[in-house]
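Spelled out from the first residue to the last, the chains are:
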Amino acid sequence: MLVTFCHRLRSISCGTMHSVVEKEVLMKLIKNSIITFLATIIILTIFPTAVFAKEYEPRLDAPSGEPYYTSELNRYSQTGYGMPNCVAYAYGRVYELNGEAPLISRGNAGEWWYININNDYYDYGQEPKLGAVACWSNHVAVVEAINDDGSVTVSESHWGGTYFDTKTFADMSSHWGQTFYGYIYTYNEEAQLSANSTEQEITFSMEDSYVFPQESNAFTTLEFANNNNSIMNPTTNALFK
């Protein structure tokens with residue numbers, strides 16, 4: 001009888017201990033769930049784009065009336081130098097990607113690289129990145145894809161010529177004899193979510209309302225005549241004279 005009583009007492013004790021352990025585990029699970037929930041809310045509030053960042057959406061087709069490329073928002077278009085124009089397009093594309101007006105809002109294609117450096121607007125370098133502005137001595141374009149073979153696909157427009165096209169370069173220095181400067185890293189991934197909702201009003205004074213033509217007709221004409229991404233010699237081609 002004593003042995004039976006001891007076994008029953010042990011069973012009760014073990015059951016009580018199991019119950020206590022289960023309650024502790026349950027409380028820990030509830031506590032952890034609450035902490036996780038609150039942490040998620042805090043992260044979404046402070047860094048909303050860190051969780052829901054979109055994949056980069058390349059532009060492979062011509063703009064069709066989006067305000068970033070028209071006089072509604074485009075600084076170059078407002079001053080009479082809209083597309084077809086490489087800097088007008090690059091300005092609009094950066095605006096479209098970031099949802100805010102680009103910091104570079106003046107100058108021709110050959111000046112963008114130095115305007116950016118002199119004013120410390122954006123980081124820059126020689127490595128291609130999505131959304132970056134590729135700069136040559138007389139042209140700018142926007143990086144839309146970095147391919148597996150290392151080639152770079154850009155979208156672009158041409159002053160007085162082709163309204164919009166895309167090209168893939170195995171060698172960025174191969175652009176009709178122009179000097180390749182590098183890439184301006186204008187694309188702001190965190191701002192991408194607001195790109196389609198921002199309607200920013202642009203104002204400017206008479207002092208800075210004039211914008212010089214962006215690309216010389218020589219390069220534009222040459223691009224029509226020789227659109228195979230080959231290097232031409234300025235000293236032997238009449239179009240450069």
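Predicted, not measured: the structure shown is a model, and the values here were computed from it.

A.B. asks: What is the right way to read unusual backbone geometry from this model?
C.D. replies: Outside of glycine, negative phi angles account for most residues, and trans bonds account for most peptide bonds. With an omega dihedral of 5°, the bond running from M83 to P84 counts as a cis peptide bond. You can see P84 is positioned in the loop between helix 3 (75-78) and helix 4 (86-98). You will see that D120, though not glycine, has its phi angle at about 55°, which is positive. Note that D120 resides in the loop between helix 5 (109-119) and strand 1 (124-125).

A.B. asks: Please explain the sheet that holds strand 1 as it appears in this structure.
C.D. replies: Picture the strands of a sheet paired through backbone hydrogen bonds; they go either parallel or antiparallel. Pairing within the open sheet is antiparallel, and its six strands lie in the order 1-6-2-3-4-5. Strands with a single pairing partner mark the edges of an open sheet, and in this sheet they are strand 1 and strand 5 (165-169). Two elements, strand 2 (residues 133-136) and strand 3 (residues 140-146), share three bridges in a ladder whose sense is antiparallel. Bridging across to strand 3, C135 finds its partner in V140. Contacts from helix 4 reach strand 2, strand 3 and strand 4 (152-156), with the element oriented near 50° to strand 3. Where helix 5 meets the sheet, its contacts fall on strand 1, strand 2, strand 3 and strand 6 (180-184), and the angle it forms with strand 6 comes to roughly 55°.

A.B. asks: Where do I start with the confidence of the model for the chain in this structure?
C.D. replies: Interpretation of the predicted coordinates at a detailed level should be avoided for regions scoring low in pLDDT. Scored by pLDDT, the chain has a mean of 77; 63% of the residues are at 70 or more. Counting interchain partners and residues more than four positions distant, the pLDDT-below-50 stretch residues 195-214 has 42 contacts. For the stretch residues 216-241, pLDDT sits under 50, and the model shows 44 contacts to residues farther than four places along the chain or on other chains.

A.B. asks: Mind showing me how you'd approach helix 5 here?
C.D. replies: Among the residues of helix 5, those classed as buried are A109, G110, W112, W113, I115 and N116. Looking at the packing, one finds that the buried side of helix 5 touches helix 3, helix 4, strand 1, strand 2, strand 3 and strand 6. At the N-terminal end of helix 5, a side-chain oxygen is found 3.1 Å from the backbone nitrogen of G110, two or three residues along, and the residue is N108. Backbone geometry just downstream of helix 5 places D120 in the positive-phi region, at approximately 55°.

A.B. asks: Is there a simple way to think about the pattern of salt bridges in this case?
C.D. replies: Opposite charge on two side chains permits them to pair, given that their charged atoms come into close proximity. Going through the model one piece at a time under the given rule, you end up with six salt bridges. Note that E156 and K167 form a salt bridge whose closest N and O atoms lie 2.5 Å from each other. Of this pair, E156 sits in strand 4 while K167 sits in strand 5, and the two are 11 residues apart along the sequence. Both residues of the pair, E156 and K167, count as buried. Notably, a salt bridge pairs K167 with D165, separated by 3.0 Å at the nearest N-O pair. Exposure remark for K167: the relative accessible area of 11% places this residue in the buried category.

A.B. asks: Help me understand the nonpolar core in this model?
C.D. replies: Taken as a class, soluble globular proteins show a tendency for nonpolar side chains to be buried jointly. Within the largest apolar cluster, 30 residues are counted, with the highest numbers of intra-cluster contacts made by V87, W112, V133, C135, V140 and I184. Counting residues per element, the ones that place at least two in this core are helix 4, helix 5, strand 2, strand 3 and strand 6. For this core, the element with the highest residue contribution is helix 4, accounting for nine residues. For I184, the residues in contact, after removing those within four places along its chain, are I104, W112, W113, N116, Y122, D123, Y124, A132, V133 and C135. Within the second largest apolar cluster, 12 residues are counted, among which are A134, V154, M172 and Y185.

A.B. asks: How do you make sense of the pairing of strand 4 when you look at a structure like this?
C.D. replies: Across a regular strand the side chains alternate sides, sitting on one face of the sheet and then on the other. Of all five residues in strand 4, five are buried; the element is thus mostly enclosed. Neither face of strand 4 is exposed, since V152, V154 and E156 on one face and T153 and S155 on the opposite face are all buried. Sheet topology note: the strand 3/strand 4 ladder contains four bridges and is antiparallel. Counted as the bridge partner of I146 is V152 from strand 4. What sits between the antiparallel neighbours strand 3 and strand 4 is a turn of five residues, in which G150 has the positive phi angle 90°. Looking at chain direction, strand 4 and strand 5 are connected through five bridges and run antiparallel. The residue bridging V154 from the neighbouring strand is K167, located in strand 5.

About the thresholds
Sequence order sets the numbering: in each chain, residues are counted from 1 along the sequence as written. Selection of residues for local features in this predicted model requires a pLDDT of at least 70, selection of side-chain atom pairs for listing and counting requires 80 or more, and totals for whole chains, interfaces and linings are taken over all residues. Only heavy atoms go into the side-chain values, all of them from the structure, while hydrogens and water stay out. Comment: elements are numbered from the N terminus, with helices defined as DSSP H or I runs of at least four residues and strands as E runs of at least two. Paired strands, as defined in this entry, are two strands with at least two bridges between them according to DSSP. By definition, residues are in contact when any of their heavy atoms lie within 4.5 Å. To get an axis, fit a line to the C-alpha atoms, keeping to the stretch in contact for a helix; angles then go from 0 to 180 degrees between the N-to-C directions. Within a predicted model, pLDDT stands for the predictor's per-residue confidence, ranging from 0 to 100. Summary of the burial criterion: residues with accessible area below 20% of their type's maximum are buried, those above 50% are exposed, and those between are partly exposed, where the area comes from a 1.4 Å probe applied to protein chains only. For this analysis, a polar contact is any N or O atom pair within 3.5 Å, provided that within protein one partner can donate a hydrogen and the other can accept it, and provided that sequence-adjacent residues contribute only side-chain to side-chain pairs. Salt bridge, as used here: a side-chain nitrogen of Lys or Arg that lies within 4 Å of a carboxyl oxygen of Asp or Glu. Here, nonpolar core means buried Ala, Val, Leu, Ile, Met, Phe, Trp, Tyr and Cys residues that are tied together by side-chain atoms lying within 4.5 Å of each other.

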